[in-house]
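# Report on the structure
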Amino acid sequence: LLQGPHAKSVRPSPPHPHSGEFVLDETWQVVADRSMGEVGASAVADFREYLDTSAGVKISLKLAEPNLLQNHHKAVIVGLRDHMPQYASGLARSESFHIEADENSIVVCGFDERGIMRGLYYLEDLMNLRGGPILSRESKTRSPRLSPRITCAPFLADQELDVPIDPYTGGLLSLISHHGFNAIWLFGNIHDLGQSRIYAELGQNAPKRMARLNAIIRRAKKYGIDVYLYLGKNPLPPEFFDKHPDVKGCPWSKGWKGNGFLMCTSVPTARTYLEEATASIFRQAPELKGIVFIFGNEGFMHDWMAPGVECPRCRNRSPFDVVTELIATLNRGAKTGRPDAEVVAWPYAGGTWSVGDPDQMKIIERLPQDVIFLANFETTYPTVTGVTRDGVGANIFDYSISSLGPSDRFQRQARAA
């Protein structure tokens, strides 16, 4: 996984082209816009590496002025829509591209450099499917149906900013990009990453973690990948609340996410801290795309997640008021640090606070207009009973292969949002 998409390429015996097909050999070259930035240059380098590694074909690279890109024979011509208006009519969003291919030339015209990258990946995919450096005549425009498409490394989850070795190598990021994703998320505890004038003892090691985060952001950008924080708020030790008893919330002794007490978000001082801490994260990582946080039964903790809700402030308030106030606080902080930050609120399965409102409609109707609501595609509530496959029954809730979705619950939430 760390070595990248072409590390174990196998060179098959070259197949013979059929009618309407042509072969990319060493008589071809790549002609690219010399003004391209890092993403476009990375994609061109990847395409040439792919041909070399998978087919033993070394093609040269020629950099040209944007107005001199076209009219090259046996060339993969790579450029942006602004310089190729005849191919740009269907390019309406980031990552979209147009391919125009025949035995004389292949044009890859991108809406942006990420479009160029996706276009070159598409050619690689076609050659992989064909079993060699053979392409067909083609005229095609493609555009992403969904964005963002977020994944993460399949190891070191929740530890990416703390382990001694940065898991996001260039090879892994390239592989993620080739598999169609355009974003990753990394876990971050706000008490570790955020800094505020109010509780200066929190976030003292933030600079080291933020340096790791910024390094990953810079590296991921090269492969057309944005970075989000999956933001959490964990319990704090009793010693913190000995010093700040006014924000002491419910006890937490489950062991999951640690032990101690929750910081009560009903206290204005605590909300000011959260807002300032969130803003500081975006100020320290100005290219961070956004934050995603679960406000349901796990993730970004508040007192209505705790059994019994012992906090005297929160238990006398509507849980929906507590939750929407928290979401609005994080949203203000994020937008203070980066006005176009994406703030993604995710109830997951809800929790004790959503009893009587399993679809979280009271949350959706109160959300700030610039907050994105994230819903589980196949989760139902309550669980689907009586699902039977091969004579075996099962209750279905989440992570299921027997209930593909969209669930009725998801559809109701999507319409409301």
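See the structure printed just above.
The structure displayed is predicted, hence computed values, not measured ones. (Residues numbered from 1 in each chain as written. Predicted model: local features only at pLDDT ≥ 70, side-chain atom pairs only at ≥ 80, totals over all residues. Heavy atoms only, no water.)

For helix α8 (residues 319-337), spanning 19 residues, the distance from its first C-alpha to its last is 28 Å, which sits close to the expected 27 Å at 1.5 Å a residue. A large share of α8 lies buried, amounting to 14 of its 19 residues. Capping the start of α8 is the job of one residue whose side-chain oxygen sits 3.1 Å from the backbone nitrogen of F320: S318. (Helix = DSSP H or I, 4+ residues; strand = E, 2+ residues; numbered from the N terminus. Expected span 1.5 Å × (residues − 1). Buried < 20%, exposed > 50% of the residue type's maximum accessible area, 1.4 Å probe, protein only. Polar contact = N/O pair within 3.5 Å; in protein donor to acceptor, adjacent residues only side chain to side chain.)

In this section: the sheet that holds strand β5 (residues 97-101). Overall, mixed pairing links the six strands, which are arranged β3-β2-β4-β6-β5-β8 in an open sheet. Lying at the two open borders of the sheet, with one neighbouring strand each, are β3 (60-64) and β8 (138-142). Across the sheet, the mean angle separating the axes of adjacent strands is 15° when strand polarity is ignored. Where strand β2 (residues 29-33) and β3 come together, five bridges link them in parallel fashion. Each bridged residue has a counterpart across the sheet, and for D33 the counterpart in β3 is A64. Set on the sheet, helix α1 (residues 38-55) makes contact with β2, β3 and β4 (75-80); between it and β2 the angle comes to about 175°. (Pairing = 2+ DSSP bridges. Axes fitted to C-alpha atoms, helices over the stretch in contact; angles between N-to-C directions. Contact = heavy atoms within 4.5 Å.)

This brings us to the packing of helix α7 (residues 268-284) against α8. Helices that pack against each other are described as a pair by the angle of their axes relative to one another and the distance between those axes. The contact between α7 and α8 brings their axes to 7 Å, and the two run at 35°. Taken as a pair, α7 and α8 cross one another with a handedness that is right-handed. Two secondary-structure elements touch here, α7 through R271, L274, E275, T278, A279, F282 and R283 and α8 through E325, L326, T329, L330, R332, G333, A334, T336 and G337. Grouping the constituent residues of the contact of α7 with α8 by class yields six nonpolar, five polar and five charged. (Left-handed = near helix turned anticlockwise from the far one by under 90°. Nonpolar A, V, L, I, M, F, W, Y, C, P; charged D, E, K, R; others polar.)

For the rest of this paragraph, the subject is the packing of aromatic side chains. Scanning the model with the defined rule gives 14 aromatic pairs in all. Between W185 and Y230, the aromatic rings sit 5.3 Å apart at their centres with planes inclined by 35°, giving tilted as the arrangement. Of the two residues, W185 is situated in strand β10 (residues 183-189) and Y230 in strand β11 (residues 226-232); the sequence distance between them amounts to 45 residues. An aromatic cluster of at least three residues, connected via ring pairs, comprises W185, F187, Y230, W346 and Y348. In this structure, K248 is placed above the aromatic ring of F261, and the distance from its NZ or CZ to the ring centre is 4.1 Å. (Phe/Tyr/Trp six-rings, centres within 6.5 Å; stacked < 30°, edge-to-face > 60°. Lys NZ or Arg CZ within 6 Å of the ring centre and 35° of its normal.)

This part covers α7. With 17 residues, α7 extends 24 Å from end C-alpha to end C-alpha; this agrees with the ideal 24 Å at 1.5 Å per step. Buried residues of α7: A270, R271, Y273, L274, E276, A277, T278, A279, S280, I281 and F282, and no others. Of the surrounding secondary structure, the elements contacted by the buried residues of α7 are α4 (190-193), α5 (206-221), β11, β13 (258-263), β14 (290-294) and α8.

On the basis of which strands lie adjacent, the open sheet formed by six strands has the order β9-β10-β11-β14-β15-β16 and parallel pairing. In this open sheet, the two edge strands, each paired with only one partner strand, are β9 (150-151) and β16 (372-373). With two bridges connecting them, strand β15 (residues 342-346) and β16 associate as parallel partners. Note on β16: the bridge partner recorded for V344 is I372.

Let us look at the state of the cysteines. Under the definition given, this model contains zero disulfides. Summary of cysteine pairing: C264 is not part of a disulfide, and the nearest cysteine sulfur, belonging to C314, is at 3.6 Å. (Disulfide = S-S within 2.5 Å.)

Along β14, five of the five residues are buried, which leaves the element largely enclosed by surrounding structure. Burial along β14 is two-sided: the face carrying G290, V292 and I294 and the face carrying I291 and F293 are both buried. Two strands pair when backbone bridges link them, and β11 and β14 are joined in this way by three bridges, in the parallel orientation. Residue pairing across strands places Y228 opposite G290, the latter belonging to β14. Pairing analysis gives five bridges linking β14 to β15, with the strands arranged parallel. Residue pairing for β15: I294 is matched across the bridge by W346. Crossover connection from β14 via α8 to parallel β15: handedness right-handed. (Right-handed = clockwise from strand over helix to strand, strands pointing away.)

A separate point is the nonpolar core. Counting residues in each nonpolar core, the largest one holds 69 residues, and the members touching the most others are L229 and F293. With seven residues, α8 is the single largest residue contributor to this core. Setting aside residues no more than four positions away along its own chain, F293 makes contact with L231, F300, I327, L330, V343, V344, A345 and W346. A32, V44, F97 and M117 belong to the second-largest nonpolar core, a separate cluster that totals 30 residues. (Core = buried A, V, L, I, M, F, W, Y, C linked by side-chain atoms within 4.5 Å.)

This paragraph deals with the side chain of D46. In this fold, D46 is placed in helix α1. Buried and without a salt bridge, D46 has K222 as its closest oppositely charged side chain, separated by 9.5 Å. Only 3.1 Å separates the side chain of D46 from the side chain of H6, close enough to count as a polar contact. The contacts of D46, once residues within four sequence positions are left out, are P5, H6, Y121, E124, S174 and H178. (Lys, Arg positive; Asp, Glu negative; His and termini not counted. Salt bridge = Lys/Arg side-chain N within 4 Å of Asp/Glu carboxyl O.)

Quick look at the environment of S19 now. Counting through the fold element by element, S19 comes out in the segment before β1 (21-23). S19 sits 118 residues away from R137 along the chain, and the two C-alpha atoms are 9.9 Å apart.

This part is about unusual backbone geometry. A negative phi angle characterises most non-glycine residues, just as the trans form characterises most peptide bonds. Following S147, the chain continues into P148 via a peptide bond in cis, with omega recorded as 5°. Within the element layout of this structure, P148 appears in the loop between β8 and β9. Although it is not a glycine, V309 sits at a positive phi angle of roughly 45°. Topologically, V309 is positioned in the loop between β14 and α8. In this structure, Q360 is a non-glycine residue whose phi angle is positive, near 55°. Take Q360: it is sitting in the loop between β15 and α9 (361-364). Note on Q360: relative accessible area 0%, which makes it buried.

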